[in-house]
Amino acid sequence: MFPVIRDETRLSLRELTVDDVDAVLAIYGSPKATEHLSFTPRSRDEVSGIVERSVTSATATPRQEYALAVVERAGAQLIGFARLAHDPHQQRAATIGFALRPDTWGVGYGRETVCLLLALAFADLELHRVWAARAPLNVASEKTLLAAGMTEEGRIRGHVHVRGAWRDSIVYGVLREEWECGEGNRR
C-alpha cells in the first residue's frame, strides 16, 4: 500500500520525504525523546539514512515496513515518527512503535498515533494481530497503549541492549476482533 495517508481528529500519518530529516532529527536526536527507546540519540547523518531507507522501502513490493510521519493536521507540522513492520514470524501480524517530539507530550497525541497505526493495520492491511513493546520505566507509554485498546501480555527479559546494559520490554497486543469492538475503529 502506497502512499499511506490516514487521518485522526488532530493528527495524520503520511509517507516520509527526504525533506523530513530535520523534523525527525528533533525527535531521534533528542536525549529526552529517546530516553526509553531501544537506541541512543541519533546524529543528523544517521537520521538522514533512516529517512532515506524509509522512503525507499515505501515502494517495495511486497511492502514490509511503514515508517511514517506523524503530522499535526493544523499546520501540517511533523511532530512524530511512527512505524508498523510486518512480523516475519507471524502471518498477518505486525509490530508498531512511535516517538513524538517532547514539546507535544501530554495532550493525547500518543494515543491518537497508536489509533492511526491500528487503523492502518486492521482496516487497510487487514492484519490479524498487532503488538508493541515499551521500556518498563516508560509509564506514559503504558497509559498510551492501554488507552488505545491494547492489552499487556507480559515481559521479555533482557530484550534490548541499550546504554551499556540489557533492558526488559513490556509487551502489548491487540487482535483485529478486539479492535473492531473498540472505539479505535474509525475510518
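Predicted, not measured: the structure shown is a model, and the values here were computed from it. Per chain, residues are indexed from 1 in the order of the written sequence. For a predicted model such as this one, the threshold for reporting local features is a pLDDT of at least 70, and the threshold for listing and counting side-chain atom pairs is 80 or more; totals across whole chains, interfaces and linings nevertheless cover every residue. Calculation of side-chain values draws on the structure's entire complement of heavy atoms; hydrogens and water are dropped beforehand.

J.: Whenever I open this one, the overall build of the protein confuses me. Can you help?
T.: For the protein, the helix and strand inventory stands at five helices and eight strands. Here the globule rule is a power law, 2.2 Å times the number of residues to the power 0.38, and the radius of gyration is based on C-alpha atoms. Its C-alpha atoms give the protein a radius of gyration of 15 Å, near enough to 16 Å, the size a compact globule of 187 residues would have. By its C-alpha atoms, the protein is 40 × 35 × 35 Å across when sized along the principal axes. Looking at the 187 residues of the protein, the share that counts as buried comes to 49%. Contacts are assigned to residue pairs that have any heavy atoms within 4.5 Å of one another. Long-range pairs, those at least 24 residues apart, make up 60% of the contacts in the protein between residues at least 6 apart in sequence. Note on areas: these come from Shrake-Rupley sampling with a 1.4 Å probe, and a residue is covered only by the protein chains present in the view. Surface accessibility of the protein: about 9,500 Å² in total, with carbon and sulfur atoms responsible for 51%. Averaging the coordinates of the 23 positive side-chain charges in the protein and doing the same for the 25 negative ones gives two points 3 Å apart. Runs of H or I in DSSP of at least four residues are treated as helices and runs of E of at least two as strands, each being numbered from the N terminus. Any residue under 20% of the maximum accessible area for its type is buried, any over 50% is exposed, and the rest in between are partly exposed; the area is computed with a 1.4 Å probe on protein chains only. His is not counted here, nor are the chain ends, while Lys and Arg score as positive and Asp and Glu score as negative. Where a charge lies is defined by one atom per residue type: Lys uses NZ, Arg uses CZ, Asp uses CG and Glu uses CD.

J.: Whenever I open this one, the UniProt feature "domain: N-acetyltransferase" (unreviewed entry) in the protein confuses me. Can you help?
T.: UniProt positions are given in the numbering used here, feature names are shortened, and annotations may be inferred rather than shown by experiment. Those places that UniProt annotates as "domain: N-acetyltransferase" (unreviewed entry) correspond, in this numbering, to residues 11-177. Each end of residues 11-177 is marked by a C-alpha atom, and these two atoms are 24 Å apart; helix forms 29% of the span and strand 35%.

J.: Before we go on, may I ask you to explain the nonpolar core in this structure?
T.: Considering soluble globular proteins, one finds that nonpolar side chains tend to be buried as a cluster. Residues belong to one nonpolar core when they are buried, are Ala, Val, Leu, Ile, Met, Phe, Trp, Tyr or Cys, and are joined through side-chain atoms within 4.5 Å. Ranked by size, the top nonpolar core spans 34 residues in total, and within it L84, I96, L118, V130 and M150 carry the most contacts. Broken down by secondary-structure element, the contributors of at least two residues to this core are β2 (11-15), β3 (65-72), β4 (78-86), β5 (93-100), α3 (109-124), β6 (129-134) and β8 (165-175). Considering every element that reaches this core, the biggest residue donor is α3, with eleven residues. Setting aside chain neighbours within four positions, we find L118 in contact with I96, A123, V130, A148, M150, V174 and W179.

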